[in-house]
Amino acid sequence: MGIVYLTGAGPGDIDLLTVKALRVIRKADVIIYDRLANPDILAEAKDGCEFIYVGKEDSHHTLPQEEINEVIYQSALKYGTVVRLKGGDPLVFGRGGEEGLYLHEREIKFEFIPGITSAIAVPEYAGIPVTHRGITVSFRVVTGHESRKARSQIPWENYKTDDTIIFLMGLHNLDKITKKLIEIGKPKDHPVAVISRGTRPDEKTVIGTLEDIYEKAKDLPTPALIVVGEVVRLHEQLSWFEK
Ligand code: SAH
């Protein structure tokens, strides 16, 4: 029986892969990956390594999680070193916890290998620090996906604070998210950034306010994330990668 590495691939830029991740990728007998992981990473695998693609970003085209779990499990029965490669960090909206539980229940050995999460690194490449002395002392990373549901589990009332709020998987709900934040009392001119394809050569940042960001950013290509907060204003001076 093999060992499974539930591995973070980082946000896109291949140089943001960790040394530990690179080590197991070079050793892997099989790599199970999805769309968010930069496919150039696969070139690091050894000859004869098998690749299994398990789906695209943004859930609607993904293999059901149960099937992915089973693919990982079956691979562990067949191979010595299994790498399950996921965009960003495997445990930040990555469902790595579910995969770990599935393996635990079947007594398969596994390890988590943290990855650089897009939630922090993508704003950073856009010159937006998620915390900044004198501006904000905390940040939250929130799913922008579930606000589509009739009854949201997001405690919107808690979001009146000055925290930086980073929404992942939220571009298709941008309109709803901004309206909701205005509804709970944030000013209409509160700064918002949408960053598309962060840390990749075609990264693009669009800056706006809660009122106008939807019209400005709705057609950006995915993956994209949303940053809400005063720190967004620093983009003007700190933007470096897109220059
Ligand atoms: N585990 C991942 C997040 C998975 S959820 C991580 O830690 O980064 C997928 C969401 O992450 C996307 O919908 C998007 O909001 C965000 N995302 C991932 N990579 C991104 C990138 N390169 N640029 C912008 N957003 C990205």
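Here, the structure is the one placed above.
Residue indices begin from 1 for each chain and proceed along its sequence in written order. The predicted nature of this model means local features are confined to residues of pLDDT at least 70 and side-chain atom pairs, given and counted, to a pLDDT of 80 or more, with totals for whole chains, interfaces and linings taken over all residues. The basis for the side-chain values is all heavy atoms of the structure; hydrogens and waters are excluded.

Q: Explanation requested: the packing of aromatic side chains in the structure shown.
A: How two aromatic rings sit relative to each other is set out by the distance from centre to centre and by the angle between their planes. When two rings of Phe, Tyr or Trp (its six-membered ring) have centres within 6.5 Å they constitute a pair, described as stacked for plane angles under 30 degrees, edge-to-face for angles over 60, and tilted for the intermediate range. Counted under the stated rule, the structure contains eight aromatic pairs. With centroids separated by 5.3 Å and ring planes inclined at 55 degrees, the aromatic side chains of Tyr 33 and Tyr 53 adopt a geometry described as tilted. Taken as a pair, Tyr 33 in strand S2 (residues 30-33) and Tyr 53 in strand S3 (residues 50-53) lie far apart in primary sequence, 20 residues in all. Burial classes: relative accessible area under 20% of the type maximum marks a residue as buried, over 50% as exposed, and values in between as partly exposed (1.4 Å probe, protein chains only). A residue is classified by how much of its surface remains accessible, and Tyr 33, at 16% relative accessible area, is buried. Given the relative accessible area of 40%, Tyr 53 is considered partly exposed. Put simply, the rings of Tyr 125, Trp 240 and Phe 241 pair up and form one aromatic cluster. As a reminder, the over-ring test applies to NZ of lysine and CZ of arginine, requiring each to be within 6 Å of the ring centre and within 35 degrees of the ring normal. Its guanidinium or amino end placed over the ring of Tyr 73, Arg 106 lies 5.7 Å from that ring's centre, counting from NZ or CZ. Above the ring of Tyr 214, the side-chain terminus of Lys 218 is found at 5.8 Å from the ring centroid. Counting from the N terminus, the helices are DSSP H or I runs at least four residues long and the strands are E runs at least two residues long.

Q: Just to check I follow, could you spell out the pattern of salt bridges for this structure?
A: Any two side chains of opposite charge can pair if their charged atoms end up close together. For this document, the term salt bridge refers to a Lys or Arg side-chain nitrogen within 4 Å of an Asp or Glu carboxyl oxygen. Inspection of every chain in the model, using the stated rule, returns 15 salt bridges. We note a salt bridge from Asp 29 to Lys 46, for which the minimum N-O separation is 2.8 Å. Separated by 17 residues along the polypeptide, Asp 29 in the loop between helix H1 (19-27) and S2 and Lys 46 in the loop between S2 and S3 bring together distant segments of the chain. Where Glu 215 meets Lys 218, a salt bridge forms, and the shortest distance between an N and an O atom there is 3.0 Å. Looking at Glu 215, the relative accessible area reads 55%, which means it is exposed. It is possible to trace a salt-bridge network through shared partners that takes in Asp 34, Arg 84, Lys 86 and Glu 99.

Q: Mind showing me how you'd approach helix H5 (residues 174-183) here?
A: Within an α-helix, residues lying three or four positions from one another point in the same direction, as the helix has 3.6 residues per turn. Among all positions of H5, only Leu 174, Ile 177, Thr 178 and Leu 181 are buried. Buried residues in H5, looked at end-on, bunch into an arc of 95 degrees, giving them a common side. Opposite its buried face, H5 presents the exposed residues Lys 179 and Glu 183, each directed more than 90 degrees away. Arc, as used here, means the arc of the directions from the helix axis to the C-beta atoms.

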